[in-house]
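Structural description and commentary
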Amino acid sequence: MFVPVRRPTVPPIEWRHALPRLVASFLLVLASLLCFHLATGRPPESAASESLVQSVLLAAGTTFFGIWERRDRYRAADRHLSMEQRVQALAASQRGPVPTDEAVRREAERLARLSYEAAIKGIAAQAILGAGALVLAVLALLTSPWWWGDAVAAAALAILSMRELRRSRSRTLLLMTPADR
C-alpha cells in the first residue's frame, strides 16, 4: 500500500518585513531604468513605459528567487528539529529575540551564518555595482544629466546591500554564545 510522505511546508513569508525592502528596490530600479532610457535619448513616454515593464519583470524575478532562496534555507535547517523548531530557527536567524531553546539557537546561528556567507559572496557584485556608479557619474559629467539619476540609484542599491551584509553579520554574532566568539 502506498503511503504518501508528508513533507513539511515552508513557513509563510512575513510580508511586513519583506515588503518595504521589495518596494525600495523596485523604486530604485525603476528610477535607474527611467534615467537610463532618458539619458539615451528616448522620448519620455517610451522611456517611462519601458522602465515600468522592465522594473516589474525584475521585481517579479527577484521576488521569485528570494522565495526560492528562503525555501532552500528552510530545507537546510536541521532535520532533527521539529517543524515548529525549524520555523523558529529560521525566523530567529533573521530577526527577533534570541531563542531560549539551545538547539533552536544553534540552528538559528547556523542559518544566520549561511546567510552572512552568502552575502559575503555577493561582495563582488557590490564592487561591480560601485564601479558602475562611478562610471555613471563620469558619464553624467560628460553627457546627459540623467546619468546622475543612475549613479544615485546604483549608489543607493550598493548602500542597501552593504546594510544587509552588516545586519546579517550582527545577527550571527548575536546568536553566537560567548564561548563561540
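Counting restarts for each chain, with residues numbered from 1 along the sequence as it is written. Given that the model is predicted, a residue must reach a pLDDT of at least 70 before its local features are reported, and side-chain atom pairs must reach 80 or more before they are shown or counted; all residues, however, enter totals for whole chains, interfaces and linings. Here the side-chain values reflect all heavy atoms present in the structure, with hydrogen atoms and water set aside.

As for the overall build of the protein
The condition is simple: Per the convention used, a helix needs a DSSP run of H or I reaching at least four residues, while a strand needs a run of E reaching at least two, with both numbered from the N terminus. Whether two residues are in contact is decided by their heavy atoms, any of which lying within 4.5 Å being enough. The Shrake-Rupley method, run with a 1.4 Å probe, gives the accessible areas here. Residue values count only the displayed protein chains as cover.
Scanning the protein from terminus to terminus reveals 6 helices and 0 strands. Along the chain direction, N to C, the helices and strands of the protein fall in the order α-α-α-α-α-α. The contacts in the protein between residues at least 6 apart in sequence include a share of 63% that link residues at least 24 apart. Surface exposure of the protein reaches about 11500 Å², of which carbon and sulfur atoms provide 69%.

A word on the pattern of salt bridges
Our working definition: By convention in these notes, a salt bridge is any Lys or Arg side-chain nitrogen within 4 Å of a carboxyl oxygen on Asp or Glu. Accessible area is worked out with a 1.4 Å probe on protein chains only. A residue is then buried under 20% of its type maximum, exposed over 50%, and partly exposed in between.
A full pass over the atoms with the stated rule returns 7 salt bridges. In this structure, the salt-bridge partner of Glu102 is Arg106, at a minimum N-O distance of 3.9 Å. Residue Glu102 and its partner Arg106 are both found in helix H4 (residues 102-121); the two are separated by 4 residues, about one turn of the helix. Given the relative accessible area of 38%, Glu102 is considered partly exposed. Judged by relative accessible area, Arg106 falls into the partly exposed class, the value being 47%. Each member of the salt-bridge network shares a partner with another, and the members are Glu102, Arg105, Arg106, Glu109 and Arg113.

What about the packing of helix H3 (residues 83-94) against helix H6 (residues 146-175)?
The condition is simple: Note on method: axes are straight lines fitted to C-alpha atoms, helices fitted across the in-contact stretch only, with angles between N-to-C directions ranging 0 to 180 degrees. An angle below 35 degrees is treated as roughly parallel, one above 145 as roughly antiparallel, one from 65 to 115 as roughly perpendicular, and anything else as oblique. All residues other than Ala, Val, Leu, Ile, Met, Phe, Trp, Tyr, Cys, Pro, Asp, Glu, Lys and Arg, Gly among them, are scored as polar; the first ten of these are nonpolar and the last four charged.
Orientation of H3 relative to H6, taken along the N-to-C sense of each, is 125°, at an axis distance of 8 Å. One element, H3, and the other, H6, form an angle in the oblique class. In this structure, H3 contributes Ala92, Ser93 and Gln94 to the contact, and H6 contributes Arg167, Arg171 and Leu175. In the contact of H3 with H6, the residues fall into 2 nonpolar, 2 polar and 2 charged.

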